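So the chains spell out like this:
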Amino acid sequence: EWYGLAPSAVALCGCLLVLDGVRSLEMTLMTASGNNRAFAIIAICEAWARPLAAVVCVRMLGASATSVLLGYAVATTSILVLYYRFGRPMGVGGEPKRLARDEQLLFEIKRFALPIAPTSILGWLNGVADRYLIGALLGLEQAGVYAAVYGLVSRPFLMLGAAIELTFRRPYYELASHGKSIDARRVLS
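Residues numbered from 1 in each chain as written. Predicted model: local features only at pLDDT ≥ 70, side-chain atom pairs only at ≥ 80, totals over all residues. Heavy atoms only, no water.

The next subject is the packing of aromatic side chains. Taken as a whole, this structure holds three aromatic pairs when the rule is applied. Ring plane angle 45 degrees and centroid distance 5.9 Å describe the contact between Tyr83 and Tyr84, whose orientation is recorded as tilted. Relative accessible area serves as the criterion here: at 8%, Tyr83 is assigned to the buried category. Residue Tyr84 is classed as partly exposed on the basis of its relative accessible area, which comes to 28%. Look at Tyr172 and Tyr173: their rings are 5.9 Å apart centre to centre, the planes differ by 50 degrees, and that puts the pair in the tilted class. (Phe/Tyr/Trp six-rings, centres within 6.5 Å; stacked < 30°, edge-to-face > 60°. Buried < 20%, exposed > 50% of the residue type's maximum accessible area, 1.4 Å probe, protein only.)

Here we come to the packing of helix α1 (residues 7–32) against helix α3 (residues 65–86). Contact pair α1 / α3: the axes reach a minimum separation of 9 Å and the direction vectors enclose 30 degrees. Crossing handedness for the pair α1 and α3: left-handed. Along the contact surface, α1 presents Ser8, Ala9, Leu12, Cys13, Leu16, Leu19, Val22, Arg23, Glu26 and Met30, while α3 presents Thr66, Leu69, Leu70, Tyr72, Ala73, Thr76, Thr77, Leu80, Tyr83 and Tyr84. In terms of residue class, the contact of α1 with α3 is made up of 14 nonpolar, four polar and two charged. (Axes fitted to C-alpha atoms, helices over the stretch in contact; angles between N-to-C directions. Helix = DSSP H or I, 4+ residues; strand = E, 2+ residues; numbered from the N terminus. Left-handed = near helix turned anticlockwise from the far one by under 90°. Contact = heavy atoms within 4.5 Å. Nonpolar A, V, L, I, M, F, W, Y, C, P; charged D, E, K, R; others polar.)

Here we come to the pattern of salt bridges. All told, the structure shown has seven salt bridges when counted by the stated rule. Between Arg23 and Glu46 there is a salt bridge, with the nearest N and O atoms lying 2.6 Å from each other. One end of the pair, Arg23, is in helix α1; the other, Glu46, is in helix α2 (residues 36–61), with 23 residues separating them in the sequence. A relative accessible area of 16% places Arg23 in the buried class. The partner of Arg186 in a salt bridge is Asp183, and the shortest N-O contact between them spans 2.8 Å. Taken together, the residues span about one helical turn, with Arg186 and Asp183 both in helix α7 (residues 181–188) at a distance of three residues. On the basis of relative accessible area, Arg186 is assigned to the exposed category, the value being 55%. Each of the salt bridges in this network shares a partner with another, and the network as a whole consists of Asp20, Arg23, Glu46 and Arg50. (Salt bridge = Lys/Arg side-chain N within 4 Å of Asp/Glu carboxyl O.)

Orientation of α2 relative to α3, taken along the N-to-C sense of each, is 140 degrees, at an axis distance of 7 Å. With respect to α3, the element α2 is oriented oblique. Regarding α2 and α3, the two cross each other, and that crossing is right-handed. On α3, the residues that touch Ile42, Cys45, Glu46, Ala49, Arg50, Pro51, Ala53, Ala54, Cys57, Val58 and Leu61 of α2 are Ser67, Val68, Leu70, Gly71, Tyr72, Ala75, Thr76, Ile79 and Tyr83. Considered class by class, the residues forming the contact of α2 with α3 number 15 nonpolar, three polar and two charged. (Parallel < 35°, antiparallel > 145°, perpendicular 65-115°, else oblique.)

Here the focus is helix α5 (residues 118–138). Taking 1.5 Å per residue as the helical rise, α5 with its 21 residues ought to reach 30 Å, and the 30 Å between its terminal C-alpha atoms agrees with that figure. Along α5, the largest kink reaches about 50 degrees and is centred on Val128. The secondary structure elements touched by the buried residues of α5 are α6 (140–177). (Expected span 1.5 Å × (residues − 1). Bend = angle between axes of the 7 residues up to and from the residue.)

Moving on, we come to the state of the cysteines. Scanning the model with the defined rule gives zero disulfides in all. Summary of cysteine pairing: Cys45 is not part of a disulfide, and the nearest cysteine sulfur, belonging to Cys57, is at 18 Å. With a relative accessible area of 37%, Cys45 lands in the partly exposed category. Left unpaired, Cys57 is separated from the closest cysteine sulfur, that of Cys15, by 12 Å. (Disulfide = S-S within 2.5 Å.)

Shown next, in the form of structure tokens:
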């Protein structure tokens, strides 16, 4: 065991990391191309399929972290397979395109991304550190109750924020990339 998790749960966490990365890539490309319908369908399907598949796995295999993670992995894999079969994948599922290696572009991307890379750690700490503190101070059971309630209560606000962001992101980026900063600021106001 690794910090109280079965090896199968650790392996499923790695699997989910890869699956979430693939899904995130496809969904980012969908929003960038304005394919909001496919984005919404996948987001809704996953929002329902993951918990339902987790419940099915818990009923079939017993209550454990491995059962829940397996349900999540099965749901996300099923949705991605259906999307790659019947949708129009643009990322890892699409036809590979041969791109010329542009050293200046790579340098610019690295220069842009390097200073903001630590913000992902800060975001993670901001998002889950409270659970670890509650777990350390009040116990794991209380941390679990807190995480469940927090997750349920925050979900509508996160969904609203995501809908607003997705609505305005593409027009803002388009205007900003064409040097129309005044129009881009109007999109945000």
